[in-house]
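# Chain and residue survey
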Amino acid sequence: MRALQLASDSVPMLSFVDVAEPAPQPNEAVISVCAASINYGDAGYLEPGAGIVKIGGYDGSGVVLRAAVDGSGPGVGTRVAFLTPNGTWAERCAVRSSDLAELPASVSFVDAAALPAAGLTALGALDEVARGSRSDGPDGLDGRHVTVLGATSGVGQLAVQLAVLRGASVTAVVRDLTRTEHLAELGASETVGADDEWAFGTDVVVDLVGGPLLERAVSTLRPRAHVLAIGNASHRASTIDFEQLRRNAPGSRFVAYTRTDTSAPDLERLLGLVEDGALVVPVGWSGSWEDAATALQLVSERRVVGKAVLEIPTA
Ligand SMILES: NC(=O)c1ccc[n+]([C@@H]2O[C@H](COP(=O)([O-])OP(=O)(O)OC[C@H]3O[C@@H](n4cnc5c(N)ncnc54)[C@H](OP(=O)(O)O)[C@@H]3O)[C@@H](O)[C@H]2O)c1
């Protein structure tokens, strides 16, 4: 079958290859992949000399071609979305049946493929606030102020919407104010530039950027705030004065958040919100996987607002 391979030591890093058909474990189904998305991490952190050769992609959508032989999971012909380490930029992919979320009929393969990594990350990180603030209300976000750093990103746009759905008011912080008009439509109460004057105090910071931007956001924290450090798109370190923080925002918590599971139930929660029209999937680029090199370049240069999705024809 055809697949798109990333090889850190080759020029170009991305190429089509012929690889063996997937050999599923008893608890894995074989999926005919229809769409798969690109994450900045697919190539943005791939250094020449790293010796990495792999089929790209972690998230995808498609149709069950062969159900798991242990009888678990959805049957042949079911439309599904998934997050998997097995490489989704391929015509077919073996995926643990417990990681398969069934697609509502109204959700397209393209939208479904953009959702797993970004959506599960945004949802899981906001769930951390609920876990850390049980005494503050039903899920810790109702009536509180959330600041999203890097709100134009895939994770950022989903975090804005999920926080608003839980009753928070959201300030979206962006680097480039010229491509942000849609953030108000997604529910952000205000959009501010990374270099503007900020006049807000915040209860929750969702940080996708790090560096000096995170330092600024920490200076806006209210008491008992939460900082969800999810990404470091700036590739820069932050210096935090914890003594100052103790005085200004006593009881605040930092979570170095990494999504470690591939939860199908959480993915089904997100797909349900998309079906209901409550969640807009931030797809900034979609097109044939024949144009994958262009798409990867655009993502690496951060020229896609939201997610880039490759459409894979059925072989
Ligand atoms: N912890 C986890 O489990 C997890 C999971 C998924 C992703 N991540 C991480 O989360 C981050 C966001 O992921 P994504 O796929 O949503 O990323 P993305 O779509 O590539 O977006 C990156 C965001 O960071 C902003 N940005 C980049 N450099 C900046 C700078 N120097 N100053 C201000 N803003 C800057 C970009 O703004 P522009 O629009 O202006 O370019 C954009 O909003 C990445 O670092 C990724 O590695 C972590």
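If you're wondering where the values come from, they're calculated on a predicted model, not measured in any experiment. Here the residue numbers are simple positions, counted from 1 along each chain's written sequence. Since the coordinates come from a predicted model, pLDDT governs what is reported: local features require at least 70, and pairs of side-chain atoms require 80 or more to be given and counted, while whole-chain, interface and lining totals use all residues. Note that water and hydrogens are dropped before the side-chain values are worked out from all heavy atoms of the structure.

## Overview of the packing of helix α3 (residues 116-132) against helix α8 (residues 264-275)
For the pair α3 and α8, the least separation of the axes is 10 Å and the interaxial angle reads 100°. It follows from the interaxial angle that α3 and α8 lie roughly perpendicular. The segment α3 lies against α8, with P116, G119, L120, L123 and D127 engaging D266, L267, R269 and L270. To obtain each axis, a line is fitted to C-alpha atoms, and for helices this fit is confined to the stretch in contact; angles are then taken between N-to-C directions over 0 to 180 degrees. Per the convention used, a helix needs a DSSP run of H or I reaching at least four residues, while a strand needs a run of E reaching at least two, with both numbered from the N terminus. Each angle is binned into one of four classes, with values under 35 degrees roughly parallel, values over 145 roughly antiparallel, values of 65 to 115 roughly perpendicular, and all other values oblique. Residue contacts are defined here by distance: any two heavy atoms, one from each residue, within 4.5 Å place the two residues in contact.

## Comments concerning the domain arrangement of the chain
Domain start and end points were adopted from an automatic or database domain assignment. The domains assigned to the chain are domain 1 (2-115 + 281-311) and domain 2 (121-256). Of note, the centres of domain 1 and domain 2, computed from C-alpha atoms alone, are 29 Å apart. Counting from both sides, the interface comprises nine residues of domain 1 and, opposite them, eleven residues of domain 2. Reported buried area values correspond to the accessible surface (1.4 Å probe) lost by two parts on association, with both partners' losses combined. At the boundary of domain 1 with domain 2, total buried surface from both sides reaches about 810 Å², with 58% on carbon and sulfur atoms. The salt bridge definition used is simple: a Lys or Arg side-chain nitrogen within 4 Å of an Asp or Glu carboxyl oxygen. Taken together, the links from domain 1 to domain 2 amount to zero salt bridges. Within 3.5 Å is the distance limit for a polar contact, defined as a pair of N or O atoms, with the added protein rule that one can donate a hydrogen and the other accept it, and that residues adjacent in sequence qualify only through two side-chain atoms. Linking domain 1 with domain 2 are three residue pairs in polar contact (both at pLDDT 80 or more). Asp, Glu, Lys and Arg are counted as charged, while Ala, Val, Leu, Ile, Met, Phe, Trp, Tyr, Cys and Pro are counted as nonpolar; the rest, among them Gly, fall into the polar class. In the side of domain 1 that touches domain 2, the residues fall into five nonpolar, one polar and three charged.

## Observations concerning the sheet that holds strand β12 (residues 202-207)
At least two DSSP bridges between two strands are needed for those strands to be called paired. The strand order across the open sheet formed by six strands is β11-β10-β9-β12-β13-β14, and the pairing between neighbours is parallel. Of all the strands in the sheet, just β11 (190-193) and β14 (253-256) have a single pairing partner and so form its edges. The average angle at which neighbouring strand axes cross in this sheet is 15°, direction not considered. Across five bridges, β12 lies against strand β13 (residues 221-229) in parallel orientation. Bridge assignment links D207 to a residue of β13, and that residue is A229. α3 contacts β12, β13 and β14 of the sheet and is inclined by roughly 140° relative to β13.

## Section: the site of the ligand
Close to the ligand lie 21 residues, the nearest being T152, S153, R175, Y257 and R302. The separation between an oxygen atom of the ligand and a polar main-chain atom of G154 is 3.1 Å. Between an oxygen atom of the ligand and a main-chain N or O atom of V155, the distance comes to 2.9 Å. Note on areas: these come from Shrake-Rupley sampling with a 1.4 Å probe, and a residue is covered only by the protein chains present in the view. Against a free-state accessible area of 940 Å², the protein chains account for coverage of 83% of the ligand. Taken together, the residues of the shell around the ligand sort by class into eight nonpolar, nine polar and four charged. When residues are assigned to domains, the shell around the ligand turns out to be shared by domain 1 (2-115 + 281-311) and domain 2 (121-256), each giving three or more. One heavy atom suffices: a residue is near a molecule or strand as soon as one of its heavy atoms comes within 4 Å of it.

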